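So the chains spell out like this:
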2 protein chains.
Amino acid sequence: MKEKTAAITNLTPPGTSCSGCPAFKACVAARLCGHDTALLGRVVTRRRLRRKGEMLYCVGDPLRTLHVVQAGSIRTGMSTCEGDVQVLGFHVPGDILGIDAIGENSHPSDATAIEASVVCELPYPLLEKQMRATPPLQREFLRLLSGEIAREKELMCVLGQRNADSRLATCLLNLSERYGRADTRAGRLTLAMSRQDLGNHLGLAMETISRLFTRFQEEGLLSVAGRRVQLLDYPRLRAL
Amino acid sequence: MKEKTAAITNLTPPGTSCSGCPAFKACVAARLCGHDTALLGRVVTRRRLRRKGEMLYCVGDPLRTLHVVQAGSIRTGMSTCEGDVQVLGFHVPGDILGIDAIGENSHPSDATAIEASVVCELPYPLLEKQMRATPPLQREFLRLLSGEIAREKELMCVLGQRNADSRLATCLLNLSERYGRADTRAGRLTLAMSRQDLGNHLGLAMETISRLFTRFQEEGLLSVAGRRVQLLDYPRLRAL
DNA sequence: CGTAGATTTGAATGTGGTCAATCCGAGTGG
DNA sequence: CCACTCGGATTGACCACATTCAAATCTACG
């Protein structure tokens, strides 16, 4: 764990611009700016290391900055009344966070690093100003928000599924698509989240997730060792 | 049914401006324009009657106009591969439809009137042009999209619930809040959707919905007669 | 009045939840 | 190096809730 954190800080020496960023291809902010690194430099002010368990923001916090994940994994959730939590999603490098806060100028959900992570910060007032000056940026931002709504709706489809099998399968396929890395495209992925979180997100008990993993392995759909998962039979996984 | 349709057409004689619209208070487009009816008149081009079962748009259709429900109810859904459908939501007067299509310029979901309805059309190119000319409109539209993302996330919380009781209860409370009408605020609401659709949306079987309604009635939470529902015990409903 | 579709109800089945014990791996300290 | 601990993961047994299939009603509407 200690050397992992070190590796991450090495990835992002202070002052590094976005041009050499390992997440550049997947980066939402980069797409937003038409991959114009000069413009990017104007809206991304800093890059912060977040330790495992650290919160980027809480429910009710005023919206100051949007966040883009550069490395690591972030979990978003809503803590309903009596300590009851609902996990809303997992966010990987390139993903943007906080855009649900623009409407009310305060965060309706919260975000927590579930492993050591690096997160870029885009102060929203700055972005707003830059949008007024840059119509294409404005337009791209609209498209980004709309796309997010579409993605949410797809997620709802997953949760609308009746059986546990399809929920987990869809979720795993989804994760493997979103990680842009080479080893992940080969089906190899290391889950940053606990079975607990995964289950909560999918509306299933932790024990069910565990049982599903072992059954999927027995059926040859994937192989699993703790949090290390290797997807094997894509067609059959998709068929669920 | 026939006289209902007649009543609706009477509500909206051709050429009527937004100022006298019965849904004005709840109307998203009105909020968007700062309740400036002149501006509204420039982005809302027409008002169409849709019969029960008519589709406003299908998956894959190019984005031409956004829609705002003026009267009636619209169901959105995604028809996954082999005729398998997932109901994404129900939309009541004032709600906007189609904003998930801006990202890709084509609709990722489809929309169907589930009863005779009146829908206002906002051609998107027109709206885009008007936004460039009217910064506050631009800003409001951003807030609208963000708010929609926040609302989707709340919906995910409902689906993340484990037990059927809480899902139905939350959904009913949600519906009763969204209808702005006086009788609805008194807990009286007439469901436009079938048990089938309701079940599909909540990830439950139609029969389960039916059983829940009768049990809720036995427990004094509400009274139900077909699609006519009267919420009685708000506190206990919320407690689920 | 009769039909088609929606809804309710019943009985049997099974999937997933709960509770509890065990196991495993990483980190800690002797 | 080993024993210990702690949190996460796995597994088993049992049970409850929701699904499924089927039949019976009910309702809207021709």
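Residues numbered from 1 in each chain as written. Chains lettered and ligands numbered in written order. Predicted model: local features only at pLDDT ≥ 70, side-chain atom pairs only at ≥ 80, totals over all residues. Heavy atoms only, no water.

What exactly am I supposed to notice about unusual backbone geometry here?
One can expect most non-glycine residues to show negative phi and most peptide bonds to be in trans. Residue and element names in this part refer to chain A. Although it is not a glycine, Asn105 adopts a positive phi angle of roughly 60°. Relative to the elements of secondary structure, Asn105 occurs in the loop between strand S6 (96-97) and strand S7 (110-113). By relative accessible area, which is 47% here, Asn105 ends up partly exposed. (Helix = DSSP H or I, 4+ residues; strand = E, 2+ residues; numbered from the N terminus. Buried < 20%, exposed > 50% of the residue type's maximum accessible area, 1.4 Å probe, protein only.)

Looking at this model, I keep getting lost on the domain arrangement of chain A. Mind explaining?
It is common to report an interface's size as the accessible area lost on association of the parts. All names here are of chain A. Here the domain parsing of chain A yields domain 1 (2-146) and domain 2 (162-239). Contacts between domain 1 and domain 2 engage 13 residues on the former and eight residues on the latter. Buried area between domain 1 and domain 2, both sides added, is near 1000 Å², and the carbon and sulfur share of it is 54%. Among the residues of domain 1 in contact with domain 2, Val87, Phe90 and Val92 are the three that bury the most area, contributing 54% of the side total. Across the contact surface, domain 1 and domain 2 share seven residue pairs in polar contact (both at pLDDT 80 or more). (Domains from an automatic or database assignment. Contact = heavy atoms within 4.5 Å. Buried area = accessible area lost by both parts, 1.4 Å probe. Polar contact = N/O pair within 3.5 Å; in protein donor to acceptor, adjacent residues only side chain to side chain.)

Would you mind going over the pairing of strand S3 (residues 65-71) of chain B with me for this structure?
Regular strands place their side chains on alternate faces of the sheet. All names here are of chain B. Among the seven residues that make up S3, seven are buried, leaving the element largely enclosed by the rest of the structure. In the sheet, S3 pairs with strand S8 (residues 117-123) via six bridges, with the strands oriented antiparallel. The partner of Val68 across the bridge, within S8, is Cys120. (Pairing = 2+ DSSP bridges.)

Is there a simple way to think about the protein's contact with DNA strand D in this case?
Taken together, 17 residues sit near DNA strand D, with Arg195 and Thr214 of chain A together with Ala164, Thr208 and Arg211 of chain B positioned nearest. Of everything in DNA strand D that lies within 4 Å of the protein, sugar and phosphate atoms constitute 56%. Taking Arg162 of chain A, its side chain carries an N or O atom lying 3.5 Å from a phosphate oxygen of DNA strand D. In this structure, a phosphate oxygen belonging to DNA strand D sits 2.8 Å away from a main-chain N or O atom of Ala164 of chain B. Within the residue set of the surface near DNA strand D, elements represented by two or more residues are helix H9 (206-218) of chain A together with helix H9 (206-218) of chain B. With four residues, the single largest contributor to the surface near DNA strand D is H9 of chain A. Looking at the surface near DNA strand D residue by residue, the class counts come to four nonpolar, six polar and seven charged. (Near = heavy atom within 4 Å. Nonpolar A, V, L, I, M, F, W, Y, C, P; charged D, E, K, R; others polar.)

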